[in-house]
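Tertiary structure, described
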Amino acid sequence: MSQVTTRGEAQTFAKILLDEKNDGFWSQTQQNVLCDQANLIVFRELIKTNYEYFLNTATFTYPADTESIDVVATVEGISKTPYKIIEFGATPSSGSITPDNLLQVFRPMRFSERHMVQRAHNTVLASVQFNYVLLGGRLFLAPIPTEDLNCHLAYIEPLGTLSTANSTLLGGKAHEVFGDCVGYCLAWLMNAKQHDQNPAIDKMWGDALMRMQDNAVSQVSTETGHVKVTRAAYE
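This structure is a prediction, so every number in the text was calculated from the model and none was measured. Along each chain, residues carry numbers from 1 onward, in the same order as the chain's sequence is written. In view of the model being predicted, local features appear only for residues whose pLDDT reaches at least 70, and side-chain atom pairs are presented and counted only at 80 or more, with totals across whole chains, interfaces and linings using the full set of residues. Just so you know, side-chain values use all the structure's heavy atoms and leave hydrogens and water out.

**Regarding the overall build of the chain**
The secondary structure content of the chain amounts to 6 helices and 8 strands. Helix and strand labels come from DSSP, where a helix needs a run of H or I of at least four residues and a strand needs a run of E of at least two; each type is numbered from the N terminus. When the helices and strands of the chain are read in sequence order from the N terminus, they spell out α-α-β-β-α-β-β-β-α-β-β-β-α-α. Burial status follows relative accessibility: with a 1.4 Å probe on protein chains alone, a residue under 20% of its type maximum counts as buried, one over 50% as exposed, and anything between as partly exposed. Across the 235 residues of the chain, 39% fall into the buried class. For the chain, long-range pairs separated by at least 24 residues make up 72% of all intrachain contacts whose partners lie at least 6 apart in sequence. Within the structure as shown, the chain displays about 13600 Å² of accessible surface, and the carbon and sulfur contribution to it stands at 51%. Here, residues are in contact when the closest pair of their heavy atoms is within 4.5 Å. Computed with a 1.4 Å probe, the accessible areas rest on the Shrake-Rupley method; for each residue, only the protein chains presented here act as cover.

Shown next, in the form of structure tokens:
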């Protein structure tokens, strides 16, 4: 597990890599700004490789005869517009997804396509393939549903800023595995202020990027145990 999990630890780690013993070259304010940016860079990189580290789910009712909803106002538990929607769909009945209540997954669309989709579909709900787009804080559906939908949403929250030295990196998710990558990225950003005087920092950050790309792909290993037989015991 990473020994770098908070903003303060990332800043200390970065200064050790840069052989900086105090805050003389980078003010605390500068370190805070750069640490927020490093945290965001690693967050985006991990999402690009494997968004499952940051996945959240919610259920809600999408009202009939409504083209769009305000996600924050409608979906309980969402306080900010999602960074990304990973999956959106509806089940025939309310409640959990079960063998008797399977999810119909909606398709993403471009905002300008919604009128074409609305004209192309009839109003028989059972035969409709819904399409969606998130524009700002509003979630649009096409065609417009003629009855309430029991919706299930899988999404990624936007990453907040780090408010204190004890603030947990990466939104409190994946920080125990990849928190040190934030430290390497922070050192890389801080090194830019030194005009890249320490070339080893570039390599360290490059290695951290490769580690995320190679190891964050899945949290599940598909490898199984095996026995390799070289020769029979009596030979």
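Additional details are given in the paragraphs that follow.
**Brief notes about the sheet that holds strand 6 (residues 131-135)**
Ordered by their spatial adjacency, 4 strands build an open sheet running 2-7-6-5, and the pairing between neighbours is mixed. Lying at the two open borders of the sheet, with one neighbouring strand each, are strand 2 (68-70) and strand 5 (107-108). Here 5 bridges tie strand 6 to strand 7 (residues 138-142), and the two strands are oriented antiparallel to one another. By the bridge assignment, Y132 is partnered in strand 7 with L141. Any two strands are treated as partners once DSSP identifies two or more bridges connecting them.

**Quick notes on the sheet that holds strand 3 (residues 84-91)**
Spatial ordering of the open sheet is given by 1-8-3-4, a layout of 4 strands whose pairing is antiparallel. A strand with exactly one partner marks an edge of an open sheet, and here the two such strands are strand 1 (55-62) and strand 4 (104-105). The pairing of strand 1 with strand 8 (residues 149-156) spans 8 bridges and is classified as antiparallel. Paired with Y62 across the strands is L149, a residue of strand 8.

**Here we look at the packing of helix 2 (residues 28-49) against helix 5 (residues 175-193)**
Interaxial angle, 0 to 180 degrees, is taken between N-to-C directions of lines fitted to C-alpha atoms, where a helix line uses only the stretch in contact. Relative to each other, helix 2 and helix 5 sit at 130 degrees, their axes nearing to 8 Å. Taken together, helix 2 and helix 5 sit at an angle that is classed as oblique. Our pair here, helix 2 against helix 5, has a crossing hand that is right-handed. In contact with Q30, Q31, L34, C35, Q37, A38, N39, I41, V42 and L46 of helix 2, helix 5 contributes F178, C181, V182, C185, L186, W188, L189, M190 and K193. Nonpolar residues are Ala, Val, Leu, Ile, Met, Phe, Trp, Tyr, Cys and Pro. Charged residues are Asp, Glu, Lys and Arg, and all others, Gly as well, are polar. Tallied by class, the residues present in the contact of helix 2 with helix 5 amount to 14 nonpolar, 4 polar and 1 charged. Note on angle classes: values under 35 degrees are labelled roughly parallel, values over 145 roughly antiparallel, values of 65 to 115 roughly perpendicular, and the remainder oblique. By convention, the crossing between two helices is left-handed when the near helix turns anticlockwise from the far helix through less than a right angle, and right-handed when the turn is clockwise.

**Focus: helix 2**
Multiplying one less than the number of residues by 1.5 Å gives the expected span of a helix. Over its 22 residues, helix 2 extends 31 Å from the first C-alpha to the last, a length consistent with the 32 Å expected when each residue adds 1.5 Å. When we look at burial in helix 2, the residues that qualify are Q31, N32, C35, A38, N39, V42, F43, E45, L46 and I47. Residues of helix 2 that are buried sit in contact with helix 1 (7-17), strand 3, strand 8, helix 5 and helix 6 (199-215).

**Points about the pattern of salt bridges**
Throughout this description, the term salt bridge denotes a Lys or Arg side-chain nitrogen within 4 Å of a carboxyl oxygen of Asp or Glu. What the rule picks out here adds up to 3 salt bridges. Taking the shortest distance from any N to any O, the salt bridge between D180 and R211 comes out at 2.5 Å. One end of the pair, D180, is in helix 5; the other, R211, is in helix 6, with 31 residues separating them in the sequence. The class of R211 is partly exposed, set by a relative accessible area of 27%.

**Notes on the packing of aromatic side chains**
When two rings of Phe, Tyr or Trp (its six-membered ring) have centres within 6.5 Å they constitute a pair, described as stacked for plane angles under 30 degrees, edge-to-face for angles over 60, and tilted for the intermediate range. For the structure on display, the rule yields 11 aromatic pairs. A connected cluster of aromatic rings, assembled from ring pairs, spans F60, F88, F106, F130 and Y132.

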